[in-house]
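Reading the structure
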Amino acid sequence: MKSRKRFTVAAVASALLLAVSACSQGSTTKQPDAGSSQSAGPAHIKIAYQQWGPGVVMKNFLTGVKSEYEAAHPGSQVEIVPVVASENDYYTKIQLMMRSPNTAPDIVYEDTFLINSDITAGYLKPLDDYIKNWDQWSQFEDTAKGAAKGQDGKTYGVPDGTDTRALWYNKQIFQKAGLPADWQPKTWDDVLSAARTIKQKVPGVTPFNMYSGKPMGEGSAMQGFEMLLYGTKDTLYNYDQKKWVVGSQGFKDSLNFVKTVFTEGLAPSPKDALSPNMGSKVGTELLPQSKLAIDLDGSWIYGNWLKSGAKPWPQWSTVLGQTAMPTQDGSGKGKVSLSGGWTWAIPAKAKSPDAAWDFIKTLQTPQNAAKYATDGAQIAVRKDVASNAAYKSSSASTQFFTDLVSVTVYRPALPEYPKVSNEIITAMESVMTGQSSPDDAAKNYDQAVEGIVGGKDSTTTKSTGQ
Amino acid sequence: MTTTVAPTAAAAPTTGKRPRGAKLVRMLPLSPAIGLMLVFLAGPILYCVYAAFTNMALTGPGAANVKFVGLDNFRKAFGSGAFTNAIWLTLVFTLISAIIGQNTLGLGLALLMRKSTKVVRNFVGTAVIGAWVLPEVVAAYLLSAFFNDNGTLNVILHAVGLPGQDWLYGAPIIAVSLANIWRGTAFSMLVYSAALSEIPKEIEESAEMDGAGGWRRLAFVTVPMITRAIMTNLMLITLQTLSVFGLIYAMTRGGPGTKSQTLPLYMYEQAFSFSQIGYGTAIALVMLAIGAVFSLIYLRGLNSEAA
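Residues numbered from 1 in each chain as written. Chains lettered and ligands numbered in written order. Predicted model: local features only at pLDDT ≥ 70, side-chain atom pairs only at ≥ 80, totals over all residues. Heavy atoms only, no water.

An unreviewed UniProt entry annotates chain B as Multiple sugar transport system permease protein originating from Kribbella aluminosa. In its Sequence similarities (unreviewed entry) section, UniProt records this for chain B: "Belongs to the binding-protein-dependent transport system permease family." Check the Subcellular location (unreviewed entry) section of the UniProt entry for chain B; it says "Cell membrane". (UniProt positions renumbered as here; feature names shortened; annotations may be inferred.)

Going by an unreviewed UniProt entry, chain A carries the name Multiple sugar transport system substrate-binding protein and comes from Kribbella aluminosa.

Shown next, in the form of C-alpha cells:
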C-alpha cells in the first residue's frame, strides 16, 4: 500500500512537470529566422490549398505555376499539398498545420472569412515589407485589398479572385412550367411563387435549392442565409456602433424563409440537403441533369462544366439563366449579393517565407492571374485582368456576375465572424429539420452571439446599412 | 478455482521482507514502461484538465494568447441547450444500447448457447463475434445501408406488411442504438458465457429437483450467482458506450440537426469543427465525470455483493 502511494506521488509530480514543460514550450519556442539566408539559395516550398471534391482546376493551375517557378529558380522545389476536406475540416486541418514549425506550409490558401481569425491567432505573417517593393499591388481593387487586412492595418494575404452570388435557373424547366425565360423576381415572394408553380407543374424536379445546415459550413451561412438577411433591413453587424446585431426581425424572417422552402417541399428534402457533398451534387448532377429548377449559388459553379471541370457540359450557357437575388420586398437596391474570395498567405511559422513570396509573385503575374480567373471561374480582383477581353468573354455569365459587384456586400471581417457563422448554420439546421421554430432558433442565436462577443454590451438590436 | 489464488497469497509475505534496495532494483526494468505511461497517458490527461479552464482555440484570440477563464467553459456548457441535449442523448444511447440492449441480449445468448448443440453454438458465436471484430467504420457503413430509406430493414418490414421508416433521419438515436447493440453484444455474451460456465451443474440440478421452473431458476439461482459478472460487464460496456464516436459519426454525423449528437460528437464538433479546444476539453471532463459516476454505482454494487 505504501509503495503504491509513493508511486502515485511520483507519477503526479512527473506528469505535472511534463504538462508544465509542454505548455511553456509553445510560448517560448523561437521562430527560426529563415528569411534572409534562404532567399539567396534554392528553397523547398510547401503550398497547401483546399481540393474541392473532384475539381482539379486549382491543381492544374498550381502544377503549371510550379514548373514555371522551378524553371526560373533552378534547384528549388515546390511541393503542392492538396488538402481534401469539407469546408470546416479544411480550416481545422490547416490551422493544425500552421500551429507547429514542423508542419507549417510556406504558402496557404485562406478563405477571406477566416483570415482575420487566423491573423488574430498569430498564424500568418504580415506581407507589407514584401508588398511595398511589388509593382503589381497597384493593380488590385481596393475592396479586395481590404479583405486581407488585419485589424492592425497590415496586409496578410494576396487575393486571387472574388465571387458574387445570385439565382441560377433552368430555362427549359421554366418553359415547361409556363414561367418566363427571362425571369426577374422582384421580391422573396416572387421566388417562392415560381418555385411553387414548378412544384405543381413539373413533377420530379426540385424547384429550389439553397445551402443550409452544418455539413455545407460557410456555404450555408453565406450563399444561403446571408443572401436572405442582407435583403432585409437588418444586418449581422452594426459598423457605426461596432456591435453585433441581435434580436432583429430580418434574422427571423430569413429563418422563416428557410422553414418555408423546406416544409413546403420546395427545396431538396432536409436529409439530402444535409449531405456533406450537396455542393458537388448540385454542380455535377442536379443542374446538368435538369433536376433542379432554381439554385441560389455562387458565380463560380460554371467552372464544373468547363472542359477542364468535373462535369463538362457545353450547353449550360443556353440552358441556364442568371438573375439577381431580390431583396425581401424589393426595397433598397432591389437586389443583393455577397462576396468573399480567397487569398494566398504565408504562415508565421513558414520555413522559407522569402521563397514563398517569390512564388506568390509568380502566381500573380498578369498572365497567371488572368489564367486562373478564367479557368477557376473567378470574378477578377485585378484591374488589368478585369479589362482583359479574354476574361470578359470567358463565360456567358462573367459579365452578369461582375456587374453584381456594384451591389455586393462583404461579411463582417472580424475575428469573431467564424464563430458567429457557426451559430447561423446551427440555427438554420434546427429550423430546416423542424427541431426548433424560427423564433426559438433566433433566440438561441442571440444568446450564443452574446457569449461569443462578450456580453450584452457588445451587441445591439439596431442594424445599420453597409 | 482455489488453486490459482493460493500461490500469490503465499508469495505476498516474502516480498514484504525484502530490503528496500532490492525492491528498487527490481522496479528498474519497469521504469521505461512507467516513464512512457507518464509521458503518453498522464501528460495528455493533465494537459486536457488544464485546457478545460482556458479559452484555448485553433483560431482567433484563443490561439494566440491562451488565458485562464476559470469555470467559464463549464458555465457556458450547462447554460447551453445543445449541451444538455447531448447529455440527454448520451444517457438514452447508453441506456438503450448498453444497459438494456447489449447486456440482456448478451445474457440471453449466453444462456441459450449453453443449452444448444455444438453446431448452433459455433454458428451463433461466429456471427455475433463477427460483428464485434469488424472495424467500426466498416460496421457503420454496413449498418447505414441496413437502416437506409431503401435499405434491408425497410425491405424486410415492407415484405411482412409493416410500414417502413427512414430510420437514420426519422429515428436516428434509435438507429444508432440498435447498431451499437448489434456491434457490441458479443462482448457481453463472452463475459456471461464465461460466468455461466463457472456455475456448478449440481446447484441448478438441485433447484430443478426442488421444482423450480426455468424462469425461477434464472431469477433465484443463476442471476444471483453471476452478479459480479453482471456488475463488471455493466461497468465495462457503459464506459465503452459513453465514448462511442466512430459508429455514430459515420452513420449520422450526429444529425439530422442534433438528434443523435451524443457528448463525444458534440465535443468533436465544438473542438474541431468550430475550433474551440478549451470548451471541447471541458466537455470531455464532464464526460469523464459521468463515466466516474457510473463506475462508482457499479463498484458499490460489486462491493455490497462481496460483503
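Having put the structure on the table, let's press on.
1. Here's the deal with the UniProt feature "domain: ABC transmembrane type-1" (unreviewed entry) in chain B
Per the UniProt record, "domain: ABC transmembrane type-1" (unreviewed entry) is found at residues 88-298 of chain B. For residues 88-298 of chain B, the helix share is 81%, the strand share is 0%, and the end-to-end C-alpha distance is 20 Å. (Helix = DSSP H or I, 4+ residues; strand = E, 2+ residues; numbered from the N terminus.)

2. Comments concerning the interface of chain A and chain B
It is common to give the size of an interface as the accessible area that goes away when the parts come together. Listed by partner, the interface residues are 34 residues for chain A and 35 residues for chain B. Interface area for chain A against chain B, summed over the two sides, is near 2800 Å², with a carbon-plus-sulfur share of 58%. On the surface where chain A and chain B come into contact, there are three salt bridges. A salt bridge links D149 of chain B to K271 of chain A, with the shortest nitrogen-to-oxygen separation between them at 3.7 Å. For the side of chain A that touches chain B, the elements supplying multiple residues, two or more each, are α1 (2-28), α4 (87-98), α5 (112-120), α12 (270-273) and α20 (417-432) of chain A. By residue number, the principal contributor to the side of chain A that touches chain B is α1 of chain A, which donates 10 residues. (Contact = heavy atoms within 4.5 Å. Buried area = accessible area lost by both parts, 1.4 Å probe. Salt bridge = Lys/Arg side-chain N within 4 Å of Asp/Glu carboxyl O.)

3. Looking at the domain arrangement of chain A
Residues and elements named next belong to chain A. Domain annotation for chain A reports domain 1 (11-163 + 340-394) and domain 2 (165-339). One C-alpha centre belongs to domain 1, the other to domain 2; they are set 31 Å apart. Listed per partner, the contact involves 16 residues of domain 1 and 16 residues of domain 2. The junction of domain 1 with domain 2 conceals about 1200 Å² of combined surface from both sides, 57% of it contributed by carbon and sulfur atoms. When the buried area of domain 1 at its contact with domain 2 is split by residue, E87, D163 and A377 rank highest and sum to 40% of it. Across the pair D163 and R165 runs a salt bridge, and its minimum N-O distance is 2.8 Å. Counting the contacts that link domain 1 with domain 2 gives two residue pairs in polar contact (both at pLDDT 80 or more). Secondary structure elements with two or more residues in the side of domain 1 that touches domain 2: α4 and α16 (366-375). A per-class count over the side of domain 1 that touches domain 2 returns seven nonpolar, six polar and three charged. (Domains from an automatic or database assignment. Polar contact = N/O pair within 3.5 Å; in protein donor to acceptor, adjacent residues only side chain to side chain. Nonpolar A, V, L, I, M, F, W, Y, C, P; charged D, E, K, R; others polar.)

4. Some thoughts on helix α10 (residues 218-229) of chain A
Of all the 12 residues making up α10 of chain A, 12 are buried; the element is thus mostly covered by neighbouring parts of the structure. Where α10 of chain A is concerned, the buried positions are E218, G219, S220, A221, M222, Q223, G224, F225, E226, M227, L228 and L229 of chain A. (Buried < 20%, exposed > 50% of the residue type's maximum accessible area, 1.4 Å probe, protein only.)

5. Brief notes about the side chain of S397 of chain A
Residue and element names in this part refer to chain A. Structurally, the position occupied by S397 is in the loop between α18 (389-392) and α19 (398-403). Classification of S397 by relative accessible area gives buried; the value is 0%. Not counting residues within four places of it along the chain, the set of residues in contact with S397 comprises W168, Y302, W316 and Q322.

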